[in-house]
Amino acid sequence: MTGTWRHLPATARAIAVTATAAVVAAQARDGQAYDEVVGGLAADERSGLVLGAVVRLLLEESHPEGLAGDDIRQVLTRCVQSATRWRSDVDPHVVLVLLAGALGVYDPEGDESPPDASALARHAPLLVADLLVTTGVSFDDYLAAAFAEIERTERQD
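Since the model is a prediction, treat every value here as computed from it, not as a measurement. The written sequence of each chain sets the order in which its residues are numbered from 1. It should be noted that, the model being predicted, local features are given only for residues of pLDDT at least 70 and side-chain atom pairs only at 80 or more, the latter also being counted only at that level, while totals for whole chains, interfaces and linings use all residues. Remark: hydrogens and water are excluded; side-chain values derive from all non-hydrogen atoms of the structure.

Student: In this structure, what is going on with the pattern of salt bridges? I would like to understand it.
Tutor: Here the idea is simple: oppositely charged side chains can pair when their charged atoms come close. What makes a salt bridge here is a side-chain nitrogen of Lys or Arg within 4 Å of a carboxyl oxygen of Asp or Glu, nothing more. Evaluation of the coordinates by the stated rule reveals eight salt bridges. Salt-bridge contacts for Asp35 lead to Arg87; the nearest nitrogen and oxygen are separated by 2.9 Å. Placement of the pair is Asp35 in helix H2 (residues 31-43) and Arg87 in the loop between helix H4 (69-84) and helix H5 (92-102), with a sequence separation of 52 residues. Partly exposed residues are those whose accessible area sits between 20% and 50% of the maximum for their type, while under 20% is buried and over 50% is exposed, using a 1.4 Å probe and protein chains only. Asp35 gets classed as partly exposed once you look at its relative accessible area, which sits at 46%. Arg87 gets classed as buried once you look at its relative accessible area, which sits at 9%. The network of salt bridges with shared partners includes Asp35, Arg87 and Asp89. We count a stretch as a helix when DSSP gives it H or I for four or more residues in a row; a strand needs E for two or more, and each element gets its number in order from the N terminus.

This is how it looks when you write it as C-alpha cells:
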C-alpha cells in the first residue's frame, strides 16, 4: 500500500494533516499534543468518514481471513487497555462504536447513548494508532488509500 494525499483539495488535506497529528500524538502518548489536535477532528464531520475508512482498511489488513466476534473483542480490549495507560477518559463504548461503524454494522438508532462527534474524534486516533502497530504500514499509506476509496465511492454515487 503506497500513495499520498498531498494532491487533494485543501479541505481534505486539512483533515489529513489534523488526523496525522492526532495519530502521531497517540503513538507518542503525548496527552497535551493529542488534546490540542483532536478538537480539529471534531470540527469537521468528514474526518469521521476518513478515519472510519482508515480503521476498516486496518482491520482488513490485520485480519485477512475476516473478523470474528473474538477478533473484535481482542482489538477493543487491546486498544482500551493501551490507551487508558495514558488517557483516563477512554470510553470502551465509543471504541466499540468506532469499530462497528467502520465495519458498517453500527445503528445509532438502536444505541441508547450514541457518542457525539467530539467523543468519536477523541477516540478514533487512539484506535488507529493501536491498529497500526499490527500492520507495520505507515499511516500515510492508509490515509491515502482511504481518500482514494472515498473518492471512488463519491464518483459512483
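Student: So what exactly am I meant to see when it comes to the side chain of Ser47 here?
Tutor: Examined against the element boundaries, Ser47 turns out to sit in helix H3 (residues 46-62). In protein, a polar contact requires one atom able to donate a hydrogen and another able to accept it; more generally it is a pair of N or O atoms within 3.5 Å, and residues adjacent in sequence count only if both atoms are side-chain atoms. A distance of 2.7 Å separates a polar atom in the side chain of Ser47 from the backbone oxygen of Asp44. Excluding anything up to four places from it in sequence, Ser47 contacts Ile15 and Leu41. We call two residues in contact when some of their heavy atoms are within 4.5 Å.

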